[in-house]
Amino acid sequence: MRRFFTDRTPPDDLSRVYDRQAPTWLRGPGRVETWLAGEDMRNEWADSLRGDVLEIGVGAGDTLLRLSQRQHQITSFTGIDLSLGMIVEAEKVSTEFPTRLLVANAEDLGRFPDDSFDTVAASLVFCTVSDVPRALAEIARVTKPEGQVVLLEHMLSTNRVVAKLQRWAAPIQIRTIGCHLDRTTDQTLRDCGYTITRARHRRLGVFRLMVGIPPSV
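As the structure is a prediction and not an experimental result, all values here were calculated from the model. (Residues numbered from 1 in each chain as written. Predicted model: local features only at pLDDT ≥ 70, side-chain atom pairs only at ≥ 80, totals over all residues. Heavy atoms only, no water.)

What follows deals with the packing of aromatic side chains. Following the criterion strictly, the structure yields three aromatic pairs and no others. Residues Tyr18 and Trp25 carry aromatic rings whose centres are separated by 5.9 Å and whose planes lie at 65° to one another, so their mutual orientation is edge-to-face. The class for Tyr18 is buried, based on a relative accessible area of 15%. A relative accessible area of 13% places Trp25 in the buried class. Pairing Phe77 with Phe97 gives two aromatic rings, centres 6.3 Å apart and planes at 45°, and the pair type is tilted. (Phe/Tyr/Trp six-rings, centres within 6.5 Å; stacked < 30°, edge-to-face > 60°. Buried < 20%, exposed > 50% of the residue type's maximum accessible area, 1.4 Å probe, protein only.)

Right, let's get into the nonpolar core. The tendency in soluble globular proteins is for nonpolar side chains to be buried side by side. Counting residues in hydrophobic clusters, the biggest one holds 25 residues, and the most contacted among them are Leu54, Ile56, Leu109, Val120, Phe126 and Ile139. Elements that contribute at least two residues to this core include exactly strand E1 (51-56), strand E4 (117-123), helix H7 (132-142) and strand E5 (143-154). If one sorts the elements of this core by residue count, H7 sits on top with six residues. Setting aside anything within four residues of it in sequence, one finds Ile139 in contact with Ile56, Leu109, Val120, Phe126, Val149 and Tyr194. Listed in part, the 24 residues of the second largest apolar core include Leu67, Ile74, Val93 and Leu124. (Core = buried A, V, L, I, M, F, W, Y, C linked by side-chain atoms within 4.5 Å. Helix = DSSP H or I, 4+ residues; strand = E, 2+ residues; numbered from the N terminus. Contact = heavy atoms within 4.5 Å.)

Further remarks concern the pairing of E1. In summary, the side chains of a regular strand alternate between the two faces of the sheet. Of all six residues that make up E1, six are buried, and the element is covered over most of its length. As judged from the six bridges shared by E1 and strand E2 (residues 74-81), these two strands associate in the parallel manner. Residue Gly51 lies in a different strand from E2, and its bridge partner there is Ile74. Pairing geometry for E1 and E4, over four bridges, is parallel. Within the sheet, the bridge partner assigned to Ile56 lies in E4 and is Ala122. (Pairing = 2+ DSSP bridges.)

Right, let's get into the sheet that holds E4. One key point about sheets: their strands pair by backbone hydrogen bonds, in either a parallel or an antiparallel sense. One open sheet holds the seven strands; their spatial order is E3-E2-E1-E4-E5-E7-E6, and the pairing between them is mixed. Pairing within the sheet leaves two strands with one partner each, and these edge strands are strand E3 (99-103) and strand E6 (195-202). Sheet twist, expressed as the mean angle between neighbouring strand axes with direction ignored, is 15°. (Axes fitted to C-alpha atoms, helices over the stretch in contact; angles between N-to-C directions.)

For the rest of this paragraph, the subject is helix H8 (residues 160-177). The end-to-end C-alpha distance of H8, which contains 18 residues, comes to 24 Å, matching closely the 26 Å that a straight helix rising 1.5 Å per residue would cover. At Ala169, H8 shows its maximal kink, close to 40°; a proline, Pro171, follows between one and four residues later. Where H8 begins, one side-chain oxygen reaches toward the backbone nitrogen of Val161, 3.0 Å away; that side chain belongs to Asn159. Just beyond H8, the residue with positive phi is Gly178, at close to 70°. (Expected span 1.5 Å × (residues − 1). Bend = angle between axes of the 7 residues up to and from the residue. Polar contact = N/O pair within 3.5 Å; in protein donor to acceptor, adjacent residues only side chain to side chain.)

Next up, the structure:
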């Protein structure tokens, strides 16, 4: 029992964890995530996307559903996910703009040339990325010089009591679904040279919407 609570190693094959959850994601865990982050914040995040878009962690297609229900300045949409099961679910969503969905991870965007996208986006994804600085370096590389990065992430609370609970629960979440509850992704962005131009938060600072400009590569 002690090993379970202290081992901070994620599952050996994280993609399989999410493959199993993919068919019911939008009705189960995905719905819970939206409730926690707030429907308005999820919609504000989606409304910030423009031009040629790359979404890191497209999941079961929640973003595509939101974009299909609104008028958006989307030229093309590329979604990647570590889970093939999630990609299969996302492919069921019809879109009016060119869309391609690929199995890939955030740390290796080598299939995309430099300066490919106007917007790189992620929603509740960086908690499971193994090497965040490497992923941010790759994102900076594929973002156009005038492009933007739009993130909606959960991270360590600004409330001491909540933060303490998150640190206690983090090893359990990491072990079961690879989710780091105690990350400070906003600070990691700054440390990696990103400039945050717009930000807001809710739930005692746990959920944060951030729009940023990557460093020049």
